[in-house]
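Tertiary structure, described
What follows is each chain in one-letter form.
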Amino acid sequence: MQSSSSFALTTQDQLASAFVTGASLYPLRSTAGYGIIGPVSSAPYVRIQVEYRGRLGVEVGLFVAVDHLRRSGRLSAVDERRWLDIDDWFIEHLPNPDFYADGNTIGAVTWFKVPLRGDMQLLVDEACGMLTAYGVAHHRVTSGDPGTIIYEDEFQVGVVPYQRGEQTPLPEGATMTPSAPGSKRAVAASPIRHVLLDADGVLQELPGGWYAAMEPYLGERSRDFLHRTWKEELPMLAGRGDYLPVLAANLQEFGVTLPVAEVYDAVWKNIVVIEESMEVVRGLRRNGYGVHLGTNQESYRGAYMRSELRYDELFDVSCYSWELGVAKPDPGFFTEAARRIGVDVRTVLFIDDTARNVEGARAAGMAAEQWDLTQGYDVLAELLARHGVSAG
């Protein structure tokens, strides 16, 4: 392994033009309520970062980059044990910024203060050496003004970056992973390192159910209408065709004269996200598991879930059937989901409310359990525990 002295030293200003070139920037979220400390002093800050950008729109930092290697199974057994030692040491000795409490919804990143304490510097150098050994390019970036400071302790600052770019593809062999504040040893020792969750019936629900939602428009004919339109929707779940014209034709045939968009918004977008399920997601992330979405959706509802419900910010990888080109229960859905996550299908546990989808996952070699909201979260905890997984 090479020492850190061989790594490129680059200033934030030198990176700025390359950072935004060709990337469409999106506005930063409000920093209200995060206790902004004020402008950065002239003292330098340092960040070790790789050359690919993650979900926050900035280059991925050192600790997360090494954990990408661990999560994908690329680290040797010796290197994995050593990395867990290093990671646990920093968990004990480096304060955990408070913006991680809600999953870092503000999108902050941390920078070390210079000079770094000697024992920390040695371990940082060793982690950099792991990136070098596995061919992951990285740089030591310094700045006197890396962003708006919202957190500070003896060793580091947390900042909201001034600019962000689009997320870039992960390098081959790397797996997206959350920045879990706790030890990752339990995950590393488990054959299950990822949890793939269905949406409807597991994470969210339509109040009163689909039949009740359509009754104001169709009364007792709601069931017949929905079963027809669901059957005709099947190709759209796999990304073939446009659902709204199909829905409009069915509404017209059943005598509904309201605009299709009005009915669609009132019924298909009437989604309630279940907070208890979100807490399970956050708990899994805190414990170091990759947490992903695996759902059958046509493009309009999928886009609504992605943008309005902000599921892309919650999950490491979102697998919508219309984007995968294949829908559950086809085993191909689960094979493609594992490929997009970047892991062996056998390292993923799938949770769904439908038996045939669970069977499809198992046929693909994925561990799977059936669960829905009506069963309660004690049952879900028991099902997770069967696979050595805990969200507590």
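Scroll up a little and you will see the structure.
Computed from a prediction, not measured in an experiment: that's the story for all the values here. (Residues numbered from 1 in each chain as written. Predicted model: local features only at pLDDT ≥ 70, side-chain atom pairs only at ≥ 80, totals over all residues. Heavy atoms only, no water.)

Points about the overall build of the protein chain
When you go through the protein chain residue by residue, the secondary structure sums to 16 helices and 14 strands. Pairs at least 24 apart in sequence give 74% of the contacts found in the protein chain among residues at least 6 apart. As presented, the protein chain carries roughly 17,500 Å² of accessible surface, and 53% of it is formed by carbon and sulfur atoms. (Helix = DSSP H or I, 4+ residues; strand = E, 2+ residues; numbered from the N terminus. Contact = heavy atoms within 4.5 Å. Areas by Shrake-Rupley, 256 points an atom, 1.4 Å probe, with all protein chains shown as cover.)

What to know about the pairing of strand β7 (residues 156–160)
The element β7 is largely enclosed, with a buried count of five among its five residues. Where strand β4 (residues 109–113) and β7 come together, four bridges link them in antiparallel fashion. From the neighbouring strand, Trp 111 faces β7, where its bridge partner is Val 157. A loop of three residues connects strand β6 (residues 148–152) with β7, the two strands running antiparallel in sequence. (Buried < 20%, exposed > 50% of the residue type's maximum accessible area, 1.4 Å probe, protein only. Pairing = 2+ DSSP bridges.)

A word on the pairing of strand β8 (residues 194–197)
Burial of β8 is two-sided: the residues His 194 and Leu 196 facing one way and the residues Val 195 and Leu 197 facing the other way are all buried. Pairing geometry for β8 and strand β11 (residues 290–295), over four bridges, is parallel. Residue pairing across strands places Leu 196 opposite His 292, the latter belonging to β11. Here β8 runs beside strand β13 (residues 348–352); their pairing, made up of four bridges, is parallel.

Focus on unusual backbone geometry
Note on backbone geometry: most residues besides glycine have negative phi, and most peptide bonds are trans. For the bond from Val 114 to Pro 115, the omega torsion is 0 degrees, close enough to zero to count as cis. Omega for the peptide link from Lys 328 to Pro 329 comes to 10 degrees, which places this bond in the cis form. You can see Pro 329 is positioned in the loop between α13 (321–324) and α14 (331–341). Non-glycine residue Arg 310 carries a positive phi angle of around 60 degrees. As for its placement among the helices and strands, Arg 310 is situated in the loop between α11 (299–307) and α12 (311–314).

A look at the side chain of Asn 357
Relative to the helices and strands, Asn 357 is located in helix α15 (residues 355–363). Accessibility expressed as a relative area gives 8% for Asn 357, which makes it buried. For Asn 357, the contacting residues outside a window of four places in its chain are Lys 328, Pro 329, Phe 334, Phe 350 and Asp 352.

Some remarks on the nonpolar core
Leu 197, Leu 203, Leu 284, Tyr 311, Phe 315, Ile 351 and Val 389 are the most contacted members of the largest nonpolar core, which has 33 residues in total. Of all the elements in the fold, those that place two or more residues in this core are β8, α10 (275–286), β11, α11, α12, β13 and α16 (377–385). Per element, the largest residue contribution to this core is four residues, and it comes from α10. Listed in part, the 26 residues of the second largest apolar core include Tyr 52, Leu 75, Cys 128 and Val 136. (Core = buried A, V, L, I, M, F, W, Y, C linked by side-chain atoms within 4.5 Å.)

Focus: the pattern of salt bridges
Applying the stated criterion across every chain yields a total of 23 salt bridges. With a closest N to O distance of 4.0 Å, Glu 59 and Arg 53 form a salt bridge. One salt bridge connects Asp 198 with Lys 328, and the closest N-O pair in it is separated by 2.9 Å. Of this pair, Asp 198 sits in the loop between β8 and β9 (204–205) while Lys 328 is found in the loop between α13 and α14, placing the two residues 130 residues apart along the sequence. In terms of burial, Asp 198 and Lys 328 fall into one category: buried. Shared partners join several salt bridges into a network, and the residues in it are Glu 275, Glu 279, Arg 282 and Arg 286. (Salt bridge = Lys/Arg side-chain N within 4 Å of Asp/Glu carboxyl O.)

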